[in-house]
Structure formats: C-alpha cells, structure tokens
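Descriptive structure summary
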Amino acid sequence: MVEYKSPSTRLDAAFSAMADPTRRAILARLALADACVTEIAGDFPVSLNAVSKHIKMLERAELVRRTVQGRDHILSLNAGPMAEASEWIEYYRQFWEDRLASLEAFVTTQRNSAKKGNRT
Amino acid sequence: MTAVVSIHTVTVKRKIVAPAQQIFDAWLNPTALAEWMRPGNATHATVTVDAREGGAFEIVMHRASGPVRHTGIYQTIDAPRRLAFTWNSPHAGQHDSLVTVEFHPDGKATEVVITHERLPEAAQPGHTAGWTVLLELLEKTVNADSHAT
C-alpha cells in the first residue's frame, strides 16, 4: 500500500531530514553521483550502522531513492522535496524583505509627519 | 539589505534610520501593522494584537482572490531589543514556524534582523503526534491505576 503524504507532511519530513549535518553531507555526496551504501559509509567517519540509519531517514523523507541491482543497493538523489523546501525558503525570504522595505517606508513617513507636527 | 539562506532558516536584515523603540512599536501596534504588514497584492489588512507574552495575534491580508489569515503567539516581548512569535499561515502549510526579530541600535539607525525558522515537528506545541503520545500515556496510566486497585 502506498502511504498518502500531504505536501505539508512531506515538507516536514524533508526539513527534519535536512536538519542534520551528516545527512546534508550524504545528500551533497549523492548530488555528485549515485552511490551504493558501502561507498557512502566509506566517505564518513561513522559506523555503517549509523550511516544506514541516516540513509533510512533520507529515504523516508523521499530525498533519496534506493534501487537494488543484484547485491548492490544503489542510492540516488530525489530533488523533488528539496525543491519544495527551497520554495518555502524563497517565499519567506522575499516576503520578509518586502515587509522590511515597507516597515522602513512606514517608519520614515511617521517620522516626517512628526517633524512637520513639531513645526506647526 | 542582505539575506542569508540556510537549510531551514531565512534571515533577512535591513538598516532603518529610526530609533529601535519606534520600529519595535510598529510591530505591536495593530494600526501600524495593518499599514506595513501588507503585501502589494493585498488591498488592506485587518489586525488584532494581544501584545503580551503568550498573547495571540491575527493578521488577515485581504486579496482579490480572498482573505489569507496569518496567526501566531508572542513568545518573547523584550522592548526594544527582541521580539519572537510563532507564525502560521496557509503558505506555511498551517505548520507552526518561529519568527525572531532583533533590533540592534547603530548610531541614528537600527538594524532589524528577522530570522524565520521552521520548527521540527516534535517542537511544535499542541502537535497532533505529541498529543496522541500524551493521550496514550495517560490511558496507560489510568489503566495501570484501575488494575492496581
């Protein structure tokens, strides 16, 4: 059975998976090229068991896909959820930059009218 | 103005020529908020503010396509230095996030730094998963009690 995940749930999973530096490093490694689990484990100074756990979290967040080829488990990057996460970030970066510009305009107008008020 | 983007945090800064107190007040005064906390595509905004720690706010941005409701709870009100509130909006997937605003005086100006971060699921107050676990624990406790007697 395919588990239904709402966009928000998927985004939550993507954000918590990306909150860890080792998992981000695994994603960065997979961004270069697909790799098997043992190759990834060799790149990091942690146990194979620990790397497996990190990979499972990335798979649950749908950031990483696993394909089995004979005895090898090949991992590849799935950029979909990451794009959703960066869309969130981009939306709010723009939103707050616009709000700060508008806050500045508001405060400046307030100060100018206060100065005029003082003169009269 | 600079913007720093990390994996799940947005930081935006702007230096505004005004005292920190005046800028800080614009965040908690509903009339002021309705003026500037309004994107260009909104005709007007309606704002309610309960300006105390633990108090709620609501900002409704009215757009041609319909109203968009933003809500949150003030976590820290430390005038005129720091303001922190939770932020929930349809764009955030009705997921609580945390906005922290810092006001750093710099001569006649004030640098305003906004940090908006998504909270990990576990950190969300009143999150469904958290409540389910709590209710299960409560049920276990009650059952254990009734078995003991």
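Residues numbered from 1 in each chain as written. Chains lettered and ligands numbered in written order. Predicted model: local features only at pLDDT ≥ 70, side-chain atom pairs only at ≥ 80, totals over all residues.

Scanning chain A from N- to C-terminus turns up five helices and three strands. Along its sequence from the N terminus, chain A presents helices and strands in the succession α-α-β-α-α-β-β-α. Looking at the 120 residues of chain A, the share that counts as buried comes to 26%. Sequence-distant contacts in chain A: of pairs separated by 6 or more residues, those separated by 24 or more amount to 59%. (Helix = DSSP H or I, 4+ residues; strand = E, 2+ residues; numbered from the N terminus. Buried ≥ 20, exposed ≤ 12 C-beta atoms within 10 Å, placed from the backbone. Contact = placed C-beta atoms within 7 Å.)

Further remarks concern the packing of helix α2 (residues 21–32) of chain A against helix α4 (residues 48–60) of chain A. All names here are of chain A. Running from N to C, α2 and α4 point in directions that differ by 75 degrees, and their axes come no closer than 10 Å. One finds that α2 runs roughly perpendicular with respect to α4. Contact residues: α2 offers Thr22, Arg23, Ile26 and Leu27, while α4 offers His54, Ile55, Met57 and Leu58. Split by residue class, the contact of α2 with α4 holds five nonpolar, two polar and one charged. (Axes fitted to C-alpha atoms, helices over the stretch in contact; angles between N-to-C directions. Parallel < 35°, antiparallel > 145°, perpendicular 65-115°, else oblique. Nonpolar A, V, L, I, M, F, W, Y, C, P; charged D, E, K, R; others polar.)

Attention now moves to the sheet that holds strand β3 (residues 72–77) of chain A. Remark on secondary structure: sheet strands pair via backbone hydrogen bonds, oriented parallel or antiparallel. Residue and element names in this part refer to chain A. If you trace the three strands from one edge of the open sheet to the other, you get β1-β3-β2, paired in antiparallel fashion. The sheet is open, and its two borders are formed by β1 (35–36) and β2 (64–69), each paired with just one other strand. Summarising the sheet, β2 and β3 pair through six bridges and their orientation is antiparallel. When the sheet's bridge partners are listed, Arg66 is paired in β3 with Leu75. Relative to the sheet, α2 contacts β1, β2 and β3, its axis offset from that of β3 by approximately 95 degrees. (Pairing = 2+ DSSP bridges.)

Next up on the list: the interface of chain A and chain B. Bring the parts together and some accessible area is lost; that lost area is often taken as the interface size. Counting residues at the interface gives 24 residues for chain A and 28 residues for chain B. Elements with a minimum of two residues in the side of chain A that touches chain B: α1 (7–18) and α5 (80–119) of chain A. Ranked by residues supplied to the side of chain A that touches chain B, first place goes to α5(A) with 15 residues.

Keep in mind that these numbers describe shape and distance, not what the molecule does.
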